[in-house]
Amino acid sequence: MSSFKSALIGAVAGVAFASSALAGELVINLDQGDPAPKKAFEEMIAGFKAENPDVEVIVNFMDKEGYKTSIRNFLTADAPDLATWYAGNRMAPFVEAGLFEDVTDVWEEHGLNETLSSAAASMTIDGKKWGVPFTYYQWGIYYRKDIFADLGIETPETWEELLAASAKLKENGITPFTIGTKALWPTGGWFDYMNLRVNGYEFHMDLTSGKVPYTDERVRATFDKWAELVEPGYFIENHAALDWQDAVPPLVQGKAAMYLMGNFAVDVFKSGGLSEDQIGYMQFPVIDPSIPMAEEAPTDTIHIPSGAKNKEDARKFLAYMARADVQTKLNETLGQLPVNSKATRPADPILAQGFNVLSEAYALAQFYDRDVPAQMAKAGMEGFQEFMVKPERVDRILKRLDKVRERVYD
């Protein structure tokens, strides 16, 4: 029977971890303390141990919030051999601080530039790869297939088709989009997709890393396009008073027909009373055909800290975790999507659609509140919510956001 040591740790600043690995020991810190992901990782690590019986694996399972407050401490003070984190701009501070190892060699040796191609851009800084992505989930527009069928609406693939569908729904007494913005973060999904489709992935990453002012005319163009849905009243009323779950009943009741949301919402749609036959999924439509189709897909990653003591076995583990078969099995338990494009397509039809969309994506954004610092995220999403209620204030909002940008990124 393969074995490894594991511990469930409530991570807090200054906590002592089971680190200080010896030769043949591999210490892994994971932000996967909940029962389902913990089980998925235990099974995955047991598989690695079976293939590498000479390596003793020591695992520290931690809760996600505690992990976030502790990671810089343990990377600096007594680094494990492997640590989970997130892609894109959330990864950048640790790379810039010299706390993550360059693992470009692992990508090149194991063909990951092909099999993990959709996530390659979000794992690359200064032309080098800094970790391996292992799970993500899709965002997109979930819609009432039965309502669309009744009104003869084809699934929109372009912005013009989305506007036409919205107009027809409105004419028939159905609000096109439901949303709840009380908690602010759902507005981040809308801003990200609008900016990705209007200006593209590279511009979006420059904006979220503080290199572009919010008063830039290209950012204003994003809001002008967004206003084409806001100003005609294509979003439900009083959304600023609703949490995201509170916005589900209008979709279930047929009072609204679409919801831009992450795939985690599907279970809530079903528990609210919708059947699988009623729930459709569409990729966020094309706005500018010259802009490559990047997607919103929060991505979990694993890294070798620069202070790791057993980098040889850590590289073996990265290669193992990048494999199609390993990611397929891991994500079956997690209920999410494997990043490896050669992995087995999920049986669930909506997840299967998401797998295809993300596997073929030009690049992946991580979500506004992951891609920007916390202060910018709060101010940004407050501004997005205000715009959705009072679109005429757009210039005032963008000036305010740029003052925050100057302060946060200084």
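For the structure given in this document, a descriptive report is provided here. Remember, predicted model here, so these are calculated numbers, not experimental data.

**Section: the environment of serine 290**
Okay, step 1: With respect to the helices and strands, the residue serine 290 is situated in the loop between strand E11 (279-282) and strand E12 (295-296).
Okay, step 2: Separated by 21 residues in the primary sequence, serine 290 and phenylalanine 269 have C-alpha atoms spaced 34 Å apart.
Okay, step 3: Within polar-contact distance, the side chain of serine 290 engages the side chain of aspartate 288 at 2.7 Å.

**Quick word on unusual backbone geometry**
Okay, step 1: With a phi angle near 75 degrees, leucine 184 is a residue other than glycine that sits in the positive phi range.
Okay, step 2: Exposure remark for leucine 184: the relative accessible area of 16% places this residue in the buried category.
Okay, step 3: Although it is not a glycine, phenylalanine 367 adopts a positive phi angle of roughly 115 degrees.
Okay, step 4: As for its placement among the helices and strands, phenylalanine 367 is situated in the loop between strand E14 (364-365) and helix H17 (368-371).

**Side note on the nonpolar core**
Across soluble globular proteins, nonpolar side chains show a tendency to be buried alongside one another.
Okay, step 1: The biggest cluster of nonpolar side chains holds 135 residues, and the ones touching the most others in it are Trp190, Trp226, Met258 and Phe317.
Okay, step 2: Apart from the residues lying within four places of it in its own chain, the contact partners of phenylalanine 317 are Leu26, Ile28, Met44, Ile45, Phe48, Leu82 and Ile302.
Okay, step 3: Grouped together as the second largest cluster of nonpolar side chains are 6 residues, Leu196, Tyr201, Met205 and Ala365 included.

**Things to note about the side chain of serine 118**
Okay, step 1: If you trace the backbone, serine 118 turns up in helix H6 (residues 117-120).
Okay, step 2: Polar side-chain contacts of serine 118 include one of 3.1 Å to the backbone oxygen of leucine 358.
Okay, step 3: Among residues more than four places away in sequence, those in contact with serine 118 are Tyr136, Leu358, Ser359, Ala361, Tyr362, Ala363 and Leu364.

**As for the sheet that holds strand E8 (residues 139-144)**
Okay, step 1: Reading across from one edge, E9-E10-E8-E11 is the order of the 4 strands in this open sheet, with mixed pairing throughout. In this open sheet, the two strands that pair with only one neighbour each are strand E9 (175-177) and E11. Ignoring strand direction, the axes of neighbouring strands in this sheet form an average angle of 25 degrees.
Okay, step 2: Bridging between E8 and E11 involves 4 bridges; their strand directions are antiparallel. Note on E11: the bridge partner recorded for isoleucine 141 is methionine 282.
Okay, step 3: Along the sheet, helix H8 (residues 159-171) contacts E9 and strand E10 (256-262); its crossing angle with E9, the most-contacted strand, is approximately 145 degrees.
Okay, step 4: Running at roughly 90 degrees to E10, helix H9 (residues 185-199) makes contact with E8, E9 and E10 of the sheet.

**Quick notes on helix H1 (residues 35-51)**
Okay, step 1: Helix length check: H1, at 17 residues, gives a terminal C-alpha distance of 25 Å against a target of 24 Å (1.5 Å per residue), a fit within 8%.
Okay, step 2: Along H1, the positions that sit buried rather than exposed are Pro37, Lys38, Ala40, Phe41, Met44, Ile45, Phe48 and Lys49.

**Here we look at the packing of aromatic side chains**
Okay, step 1: Scanning the model with the defined rule gives 36 aromatic pairs in all.
Okay, step 2: Arranged with centres 4.9 Å apart and planes meeting at 40 degrees, the rings of tryptophan 139 and phenylalanine 367 form a pair that is tilted. Here phenylalanine 367 lies in the loop between E14 and H17 and tryptophan 139 lies in strand E8, a separation of 228 residues in the sequence.
Okay, step 3: Looking at phenylalanine 367, the relative accessible area reads 5%, which means it is buried.
Okay, step 4: With a centroid separation of 5.0 Å and 90 degrees between ring planes, the pair formed by phenylalanine 223 and phenylalanine 387 is classed as edge-to-face. Taken together, the residues span a long stretch of sequence, with phenylalanine 223 in helix H11 (residues 217-230) and phenylalanine 387 in helix H18 (residues 374-389) at a distance of 164 residues.
Okay, step 5: Residue class for phenylalanine 387 comes out buried when judged on its relative accessible area of 1%.
Okay, step 6: Linked through ring pairs, Tyr67, Phe74, Trp85, Tyr86, Phe94 and Phe100 together constitute an aromatic cluster.

**Section: the packing of H1 against helix H15 (residues 324-334)**
Okay, step 1: Contact geometry for H1 and H15: axes closest at 8 Å, N-to-C directions at 160 degrees. By the criterion of interaxial angle, the relationship of H1 to H15 is roughly antiparallel. Relative to H15, the crossing made by H1 is right-handed. Side by side, H1 and H15 meet where Ala36, Pro37, Ala40, Phe41, Glu43 and Met44 of the first sit next to Val326, Lys329, Leu330, Thr333 and Leu334 of the second.
Okay, step 2: Of the residues assigned to the contact of H1 with H15, the class counts are 8 nonpolar, 1 polar and 2 charged.

Rules and cut-offs
- Residues numbered from 1 in each chain as written.
- Predicted model: local features only at pLDDT ≥ 70, side-chain atom pairs only at ≥ 80, totals over all residues.
- Heavy atoms only, no water.
- Helix = DSSP H or I, 4+ residues; strand = E, 2+ residues; numbered from the N terminus.
- Polar contact = N/O pair within 3.5 Å; in protein donor to acceptor, adjacent residues only side chain to side chain.
- Buried < 20%, exposed > 50% of the residue type's maximum accessible area, 1.4 Å probe, protein only.
- Core = buried A, V, L, I, M, F, W, Y, C linked by side-chain atoms within 4.5 Å.
- Contact = heavy atoms within 4.5 Å.
- Pairing = 2+ DSSP bridges.
- Axes fitted to C-alpha atoms, helices over the stretch in contact; angles between N-to-C directions.
- Expected span 1.5 Å × (residues − 1).
- Phe/Tyr/Trp six-rings, centres within 6.5 Å; stacked < 30°, edge-to-face > 60°.
- Parallel < 35°, antiparallel > 145°, perpendicular 65-115°, else oblique.
- Left-handed = near helix turned anticlockwise from the far one by under 90°.
- Nonpolar A, V, L, I, M, F, W, Y, C, P; charged D, E, K, R; others polar.

Just distances and angles here, no functional claims.
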